[in-house]
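Analysis of the macromolecular model
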Amino acid sequence: MDKSKCLFCDIVQGKLPSTNIYSDDQCIAFNDINPVANVHVLVIPREHVTYLTETTKQHEKLLGHLMRVGARVANQMGTAEDGYRVTVNQGANAGQIVDHLHLHVLGGEQLNSLGTTLENP
Ligand code: 5GP
Ligand code: ZN
């Protein structure tokens, strides 16, 4: 895809504003603009990676790092003790709308059970 048209690349480059929750040389974390839980933070790589399914062995370190940052962010947001969810929406059925890999860190309250569908909410 054309990275110059990527919303999250624009956020990484500071062309669009975001709340700075965490930042390092590999990734940034910021509040979701439309939170679905009391804590809803997105962790995204600085590098444009479109889909989890397109990642290769060379992304393993980055993917591991993103997960650890997810845990760090949950701790920072005060939701580590009571529990939280780290998730990736991959593709249409999962509702992926931004084509730049990102982890959702959800918490701060009791979450819906995992794997609910439109037919079985
Ligand atoms: P997806 O459904 O692709 O996994 O999630 C994309 C997420 O990005 C959604 O939860 C949506 O609310 C969030 N989002 C979309 N545009 C923006 C934006 O401009 N700023 C921020 N902070 N979040 C955004
Ligand atoms: Zn991007």
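Just so you know, these numbers come straight off a predicted model, no measurement behind them. (Residues numbered from 1 in each chain as written. Chains lettered and ligands numbered in written order. Predicted model: local features only at pLDDT ≥ 70, side-chain atom pairs only at ≥ 80, totals over all residues. Heavy atoms only, no water.)

**Quick word on the nonpolar core**
Within the largest apolar cluster, 16 residues are counted, with the highest numbers of intra-cluster contacts made by Ala29, Val41, Val43, Leu66 and Val73. Elements with a contribution of two residues or more to this core: β2 (27-31), β3 (39-45), α2 (60-76) and β5 (103-107). Broken down by element, this core gets its largest block of residues, five residues, from α2. Once residues within four sequence positions are removed from consideration, Val73 is found in contact with Ile21, Tyr22, Ala29 and Val41. Counting ten residues, the second-largest nonpolar core is a separate cluster that includes Cys9, Val12, Ile28 and Val98. (Core = buried A, V, L, I, M, F, W, Y, C linked by side-chain atoms within 4.5 Å. Buried < 20%, exposed > 50% of the residue type's maximum accessible area, 1.4 Å probe, protein only. Helix = DSSP H or I, 4+ residues; strand = E, 2+ residues; numbered from the N terminus. Contact = heavy atoms within 4.5 Å.)

**Details of the site of ligand 1**
Not every one of the 17 residues close to ligand 1 is listed here, only the nearest: Asp32, Gly95, Ile97, His102 and His104. Take Asn31: an N or O atom from its main chain is 2.9 Å from a nitrogen atom of ligand 1. In this structure, an oxygen atom belonging to ligand 1 sits 2.7 Å away from a main-chain N or O atom of Gly95. The fraction of the free accessible surface of ligand 1 (520 Å²) that becomes covered by protein chains is 85%. Where the shell around ligand 1 is concerned, the elements lending two or more residues are α1 (7-12), β2 and β3. Taken together, the residues of the shell around ligand 1 break down into eight nonpolar, eight polar and one charged. (Near = heavy atom within 4 Å. Polar contact = N/O pair within 3.5 Å; in protein donor to acceptor, adjacent residues only side chain to side chain. Areas by Shrake-Rupley, 256 points an atom, 1.4 Å probe, with all protein chains shown as cover. Nonpolar A, V, L, I, M, F, W, Y, C, P; charged D, E, K, R; others polar.)

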